[in-house]
Amino acid sequence: MSVGVIITCGMLCGLAGCVLPARLFERTLQKSKICDVSVPDGIMAIIVSFVFMSLCVFVLYAMAQEYILVFGSSTVGAFLVFWGIEAMRAMRAMR
């Protein structure tokens, strides 16, 4: 496998790990309807996201240990960039 493929897969796994929490986040930001987001929903979304990304790292660790640092860095980088952008959107919505 090439490093570019590993980086792309890591970014995709990081963004896929954001899907459930981002869905809840978008429902919370909607002003037109009553927020029906609960704490158990949020905790479950975070647990599913964590388990998914941990499984992705474990699969790569089992397949190609030499690329684990590149994969993990790109996964965490994509995850943090996504939530950094969402945090800016939330700050703008609160003002």
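Since we're looking at a predicted model, the values are computed, not measured. (Residues numbered from 1 in each chain as written. Predicted model: local features only at pLDDT ≥ 70, side-chain atom pairs only at ≥ 80, totals over all residues. Heavy atoms only, no water.)

## With respect to the overall build of the protein
1) Next: A tally of regular secondary structure across the protein gives 4 helices and 0 strands.
2) Next: Along its sequence from the N terminus, the protein presents helices and strands in the succession α-α-α-α.
3) Next: Here the C-alpha radius of gyration of the protein, 16 Å, is well above what a compact globule of 95 residues would show, namely 12 Å.
4) Next: Going through the 95 residues of the protein one by one, you find that 25% of them count as buried.
5) Next: A fraction of 75% describes how many contacts in the protein between residues 6 or more apart in sequence connect residues 24 or more apart.
6) Next: On the protein, roughly 6600 Å² of surface is accessible, and the fraction owed to carbon and sulfur atoms is 75%.
7) Next: The protein carries 7 positive and 5 negative side-chain charges, and their two centres are separated by 12 Å. (Helix = DSSP H or I, 4+ residues; strand = E, 2+ residues; numbered from the N terminus. Rg over C-alpha atoms; globule rule 2.2 N^0.38 Å. Buried < 20%, exposed > 50% of the residue type's maximum accessible area, 1.4 Å probe, protein only. Contact = heavy atoms within 4.5 Å. Areas by Shrake-Rupley, 256 points an atom, 1.4 Å probe, with all protein chains shown as cover. Lys, Arg positive; Asp, Glu negative; His and termini not counted. Charge placed at Lys NZ, Arg CZ, Asp CG, Glu CD.)

## Things to note about the packing of aromatic side chains
How two aromatic rings sit relative to each other is given by the distance of their centres and the angle of their planes.
1) Next: For the coordinates displayed, the defined rule picks out 2 aromatic pairs.
2) Next: Look at F25 and W83: their rings are 5.8 Å apart centre to centre, the planes differ by 85 degrees, and that puts the pair in the edge-to-face class. Of the two residues, F25 is situated in helix 2 (residues 19-29) and W83 in helix 4 (residues 68-94); the sequence distance between them amounts to 58 residues.
3) Next: Ring geometry for F82 versus W83: centroids 5.2 Å apart, planes at 90 degrees, classification edge-to-face.
4) Next: Taken together, the aromatic side chains of F25, F82 and W83 make up a single cluster linked through ring pairs. (Phe/Tyr/Trp six-rings, centres within 6.5 Å; stacked < 30°, edge-to-face > 60°.)

## Focus on the confidence of the model for the protein
Atomic detail in the predicted coordinates should be set aside for any region of low pLDDT.
1) Next: Averaged over every residue, the pLDDT of the protein is 90; the share at 70 or more is 95%.
2) Next: Summarising per-element confidence for the protein, the mean pLDDT is lowest in helix 2 (89) and highest in helix 1 (residues 3-16) (94). (pLDDT = per-residue confidence, 0-100.)

## Considerations on a nonpolar patch on the surface
1) Next: On the surface, L20, V39, I43, M44, I47, V48, F50, V51 and L55 cluster together into a nonpolar patch covering about 840 Å² of accessible area.
2) Next: Element by element, the count of residues in the nonpolar patch is highest for helix 3 (residues 39-63), at 8 residues.
3) Next: Topologically, V51 is positioned in helix 3. (Patch = residues over 30% accessible without salt bridge, like charges linked within 9 Å, V, L, I, M, F, W, Y side chains within 5 Å. Salt bridge = Lys/Arg side-chain N within 4 Å of Asp/Glu carboxyl O.)

## Overview of the packing of helix 3 against helix 4
1) Next: Packing of helix 3 against helix 4 brings their axes to within 9 Å, and their N-to-C directions diverge by 160 degrees. Judged by the angle between their axes, helix 3 and helix 4 are roughly antiparallel. The chirality of how helix 3 crosses helix 4 is right-handed. Of the residues in helix 4, those touching helix 3 at S49, M53, C56, V57, L60 and Y61 are I68, F71, T75 and F79.
2) Next: For the contact of helix 3 with helix 4, a count of residues per class yields 8 nonpolar, 2 polar and no charged. (Axes fitted to C-alpha atoms, helices over the stretch in contact; angles between N-to-C directions. Parallel < 35°, antiparallel > 145°, perpendicular 65-115°, else oblique. Left-handed = near helix turned anticlockwise from the far one by under 90°. Nonpolar A, V, L, I, M, F, W, Y, C, P; charged D, E, K, R; others polar.)

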